[in-house]
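Commentary on secondary and tertiary structure
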Amino acid sequence: MDTAFTEEQDGIRRTVRDVLARRCTPEDVRAAVLAPQGYDTALWHTLAHELGLPGLALPEAYGGTGCGTLELALAAEEAGRALLPSPLLPTAVLAAPLLHALGTRGQRDRLLPALARGELTATLAVPAGTLTSALGLSGTGDGDGDVTGNGTGPAPWTGISGGRHGRGTQEGGFGATGLAATGFGADGRGADGSGGSWAGGGRAGGIQARPADGGWRLYGEVGQVLCGHTAGLLLVAAHTGGFARSRTVLFLVTADAPGLTRIRQTALDETRPVARLELRDVPAEPLGPPEDDAGPALAAVGPGVAAVLAAEAVGAADGALRRTVAYVGVRHQFGRPIGSFQAVRHRLADVYVRVEAARSAAYYAAWAAGTEAAARAETAAPPSSTAPVRPGDGPAAVPEGRVNGVDRANPAEGRANGAGPGRPGPAGGGPGEAPVDGPLALAQALEALRSATAETVQLHGGVGFTWEHPAHLAFKRAAGDTLLFGPAHLLRARAAARAGLFAPRTRRASERRDGEAVAV
């Protein structure tokens, strides 16, 4: 891995930062969140048409810029620094990769160019509170229950039931650490191969899909859909197939579909507008073949989504830290700047270490996600072909060029030159295992953002608690992101389960009692 950024990558970061510094001040943010759309449409037009941010990670064959996850993460970091309210996250980070991975050739040709130009916005609709589970970042995708094993409900990320005092009531159970001894397969789904009940699972809740009149109809309700009230295209995760052929399928729903009601919800973080969707026999088009479960595709894009979210959180944390450092240099007490007091300096130094560590983790996760995508494209290429992978050659194709010194046409180069997905390492699994770099980076970034914004409020003193000061915007972003994409301990628990850190150990014959053959 080459840790130096290219001139192109530095240019992306610098350009986005300059535009947002002029047009996304705290006053602009306050005005934008009060608009019906929840963001500044003129600024979005600039970011989309002049800078090409929505198509940054899309191949040139579909009107994109032809960059990768790392470049998108750099842009997201600057967006986070300015607390930018926009449809960039749901459109470019959530919807576009899924359309590219699952869509048919006709669907991609019809929709991706409009997304790349910013003329069409899109979002992913899953039941409230299940976004990270759907993306394979936390939980098991089983949807409900308690993950702590404290006896309050099933432990969804283990596939076993929680008993009293944290002990499982079925096979497996919890060790001294309180973590379950059974977990996930290599694809991050349940140990039994099931998954997707976060989408309803045939039970009450979520969206249900049924074939009707030669097409499909959706019925149900979901909440906390990012930019769901303004998106022109909805990627709705719906359960279908009943018990025998239970699966989760992504459906395309247009904004003007009959039977669709969209209501903007009040959110803790106003810079991330969310909506509730009500679907009453809404006509929908399957994204790709309806016979295929969308779970693996969602899990495949999860690490990239987590890396971009981590970079965005790092940008927000860095912005809060910089504002605080500037303030303690001009705020005087006892005849001297409060930043000269040792206690204040130590607190800010701790925040700085957290932010820089989270930034390194986010950059690595973005690089790893881009390399993994290139490896999938290489695997999907015809075995007899020796030509480099080109934009549009397959559902996971990436453009030619280099990202952080890695040749996209030869992704194995990146893995050969250093630790990364597919190589044993502190954050990467073995071959065939789902990468855990993204969830770990997101967990670290969320904690760094929470720490930075808390210190921002504290060190600003009384003014930090006022509505007029921008400190509350960053603080609410930290709290809102934790609710939407966290908490951090669940992200780490899922990564630990994937890496097999707490897998059961079978006793040797000499360690077993007579007639005993149990795993501990």
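Structural data are supplied above this passage.
The shown structure was predicted, so the numbers you read here are calculated from the model rather than taken from an experiment.

Focus: the overall build of the protein chain
Looking only at helices and strands, the protein chain has 13 helices and 11 strands in total. Considering the protein chain as a whole, with its 520 residues, one finds that 53% of them fall into the buried category. For the protein chain, the share of sequence-separated contacts (at least 6 apart) that also reach a separation of at least 24 residues comes to 68%. Summed over all atoms, the accessible surface of the protein chain reaches about 22100 Å², with 54% contributed by carbon and sulfur.

With respect to the environment of T324
By the element assignment, T324 lies in helix α8 (residues 295-330). According to the relative accessible area criterion, T324 is buried, its value standing at 2%. Taking C-alpha positions, T324 is 9.5 Å from G339, a pair spaced 15 residues apart along the chain.

Things to note about the packing of helix α11 (residues 437-459) against helix α12 (residues 471-485)
At a minimum axis distance of 9 Å, the contact between α11 and α12 shows a crossing angle of 150 degrees. In terms of orientation, α11 lies roughly antiparallel with respect to α12. The interaxial crossing formed by α11 with α12 has left-handed handedness. From α11, L442, L446, L449, R450, T453, A454, T456 and V457 reach across to α12, where they touch A471, A474, F475, R477, A478, D481, T482 and F485. When grouped by side-chain class, the residues that make up the contact of α11 with α12 number 10 nonpolar, 3 polar and 3 charged.

Here we look at the nonpolar core
If you look at the biggest cluster of nonpolar residues, it comprises 98 residues, and the most contacted ones within it are L99, L124 and L235. No other element matches α8, which puts 16 residues into this core. Not counting chain neighbours up to four residues away, the residues in contact with L235 comprise A95, L98, L99, T123, L124, A125, F251, L252 and L287. Counting residues in hydrophobic clusters, the runner-up holds 20 residues, among them A209, V253, L279 and V282.

Description of helix α4 (residues 69-81)
Under the 1.5 Å per step criterion, the end-to-end length of α4 is 18 Å for 13 residues, consistent within 8% with the ideal 18 Å. Burial of α4 is extensive: 13 of the 13 residues sit out of reach of the surface. Immediately beyond the C-terminal end of α4, within one or two residues, lies L83, with a positive phi of roughly 55 degrees.

Quick word on the packing of aromatic side chains
Inspection of every chain in the model, using the stated rule, returns 3 aromatic pairs. Their ring planes at 85 degrees and their centres at 5.1 Å tell us that F5 and Y363 sit as a pair that is edge-to-face. One end of the pair, F5, is in the segment before α1 (7-23); the other, Y363, is in helix α9 (residues 342-380), with 358 residues separating them in the sequence. Exposure remark for Y363: the relative accessible area of 14% places this residue in the buried category. Relative to F251, the ring of W216 lies with its centre 5.4 Å away and its plane at 50 degrees, an arrangement referred to as tilted. Residue W216 is found in strand β3 (residues 215-226), and its partner F251 is found in strand β5 (residues 247-254); the two are separated by 35 residues along the sequence. Classification of W216 by relative accessible area gives buried; the value is 15%. For F251, a relative accessible area of 0% gives the class buried.

Regarding the pattern of salt bridges
Summed over the entire model, instances satisfying the criterion amount to 20 salt bridges. D281 is paired through a salt bridge with R210; the nearest N and O atoms lie 3.1 Å apart. Of the two residues, D281 is situated in strand β7 (residues 274-286) and R210 in strand β2 (residues 206-212); the sequence distance between them amounts to 71 residues. Classification of R210 by relative accessible area gives partly exposed; the value is 41%. A single network of salt bridges, built from pairs that share partners, joins R13, R17, E77, E78, R81, D318, R322, E356 and R359.

Some details on empty space enclosed by the protein
One pass over the full model with this rule turns up 5 cavities of 30 Å³ or more. Estimated volume of the largest cavity: approximately 160 Å³. As for the largest cavity, its lining consists of 17 residues, and the residues nearest its centre are S86, L88, L89, R272 and E312. Only α4, α5 (88-102) and α8 provide two or more residues apiece to the lining of the largest cavity. The biggest single contributor to the lining of the largest cavity is α5, with 4 residues. Its residues assigned to classes, the lining of the largest cavity shows 12 nonpolar, 2 polar and 3 charged. Computed from the structure, the second largest cavity encloses a volume of approximately 130 Å³. Lining the second largest cavity are 13 residues; nearest its centre among them are V126, P127, L131, Q224 and L484.

A few points about the environment of V33
As for its placement among the helices and strands, V33 is situated in helix α2 (residues 26-33). For V33, a relative accessible area of 8% puts it in the buried group. Spatially, the C-alpha atom of V33 lies 6.0 Å from that of E270, the residues being 237 residues apart in sequence. Discounting residues that sit within four places of it in the chain, V33 has contacts with G38, P85, R264, E270 and T271.

Here is what the cut-offs are and how they apply
- Residues numbered from 1 in each chain as written.
- Predicted model: local features only at pLDDT ≥ 70, side-chain atom pairs only at ≥ 80, totals over all residues.
- Heavy atoms only, no water.
- Helix = DSSP H or I, 4+ residues; strand = E, 2+ residues; numbered from the N terminus.
- Buried < 20%, exposed > 50% of the residue type's maximum accessible area, 1.4 Å probe, protein only.
- Contact = heavy atoms within 4.5 Å.
- Areas by Shrake-Rupley, 256 points an atom, 1.4 Å probe, with all protein chains shown as cover.
- Axes fitted to C-alpha atoms, helices over the stretch in contact; angles between N-to-C directions.
- Parallel < 35°, antiparallel > 145°, perpendicular 65-115°, else oblique.
- Left-handed = near helix turned anticlockwise from the far one by under 90°.
- Nonpolar A, V, L, I, M, F, W, Y, C, P; charged D, E, K, R; others polar.
- Core = buried A, V, L, I, M, F, W, Y, C linked by side-chain atoms within 4.5 Å.
- Expected span 1.5 Å × (residues − 1).
- Phe/Tyr/Trp six-rings, centres within 6.5 Å; stacked < 30°, edge-to-face > 60°.
- Salt bridge = Lys/Arg side-chain N within 4 Å of Asp/Glu carboxyl O.
- 1 Å grid on protein atoms, 1.4 Å probe; cavity = no way out; pocket = protein on both sides within 12 Å on 5 of 7 lines; lining within 4 Å.
- Points joined across faces, edges and corners; volume = space filled by probe spheres on them.

Take it as geometry only, folks, not as evidence of what the structure does.
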